[in-house]
Amino acid sequence: MIKQIKKKFFDDNYISGEQIPRYFNVSFKEVGNDQKNEVRVIFNGTEQLGDVINDNSYKNDYYRYHDIFHYSFAALLGWSPCTRAMMKRKRKSNTLVDEIEDGARATITEEAISMIIFNEAKRKNFFKGKSKVSKTTLRIIKEMTENFEVSWIY
């Protein structure tokens, strides 16, 4: 017999318009030209999320795809202030949660975490043949988020 475990999400107690969707699809569509590589992120086949992204670099290093980290955090952890902002799913009904868990500091921290992981991936051939990030990277991420990461409020 297989026992199904119901996963709890940080936003279970919010209206659907303030929840990260439980199921969603994002695709990255190249829209740039030879001189400016850009991608557009498409949500559920129809809606553009965020701005068109380029590498913001002198080199073509594929940073334009870094939003995959944000959507992975949302899908796997149920947490991503960046995804919430791009999907317009911030929890505005609770001003404290909106300010702290969905606010600028959390979003900036998530962007920094994405950059740290991206840089490690670049150094390690984009994790080809690897299945995890380093313990050092995980320690840094934990230290960056320990004072304000999403938590259950009772």
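Note: the structure precedes this text.
Now for a look at the structure at hand.

What counts and what doesn't
- Residues numbered from 1 in each chain as written.
- Predicted model: local features only at pLDDT ≥ 70, side-chain atom pairs only at ≥ 80, totals over all residues.
- Heavy atoms only, no water.
- Phe/Tyr/Trp six-rings, centres within 6.5 Å; stacked < 30°, edge-to-face > 60°.
- Helix = DSSP H or I, 4+ residues; strand = E, 2+ residues; numbered from the N terminus.
- Buried < 20%, exposed > 50% of the residue type's maximum accessible area, 1.4 Å probe, protein only.
- Pairing = 2+ DSSP bridges.
- Contact = heavy atoms within 4.5 Å.

### Things to note about the packing of aromatic side chains
1) Next: Counting across every chain of the model gives 6 aromatic pairs.
2) Next: Each ring, one from Phe24 and one from Tyr71, has its centre 6.5 Å from the other, and the planes form 70°; the classification is edge-to-face. Of this pair, Phe24 sits in the segment before β1 (26-30) while Tyr71 sits in helix α1 (residues 67-77), and the two are 47 residues apart along the sequence.
3) Next: A residue is classified by how much of its surface remains accessible, and Phe24, at 23% relative accessible area, is partly exposed.
4) Next: Linked through ring pairs, Phe24, Phe43 and Tyr71 together constitute an aromatic cluster.

### Concerning the pairing of strand β3 (residues 47-54)
Along any regular strand, the residues point their side chains to alternate faces of the sheet.
1) Next: As paired strands, strand β2 (residues 38-43) and β3 are joined by 5 bridges and run antiparallel to one another. In the sheet register, Glu38 faces β3, and the bridge partner there is Asn54.
2) Next: Here β2 hands over to β3 after 3 residues, with Asn44 in that stretch at a positive phi of 50°.

### Digging into α1
An α-helical turn contains 3.6 residues, so a residue and the one three or four places further along point in the same direction.
1) Next: Regarding α1, the residues found buried are Asp67, Phe69, His70, Tyr71, Phe73 and Ala74.
2) Next: In this structure, the buried residues of α1 make contact with β1, β2, β3, α2 (81-87) and α4 (104-123).
3) Next: Among the residues trailing α1, Gly78 stands out with phi positive, at a value near 70°.

### A closer look at unusual backbone geometry
1) Next: Phi at Phe126 takes a positive value of approximately 50°, unusual for a residue other than glycine.
2) Next: Within the secondary structure layout, Phe126 lies in the loop between α4 and α5 (135-145).
3) Next: Although it is not a glycine, Phe127 adopts a positive phi angle of roughly 60°.
4) Next: Turning to its location among the elements, Phe127 is positioned in the loop between α4 and α5.

Keep in mind these values describe shape, not function.
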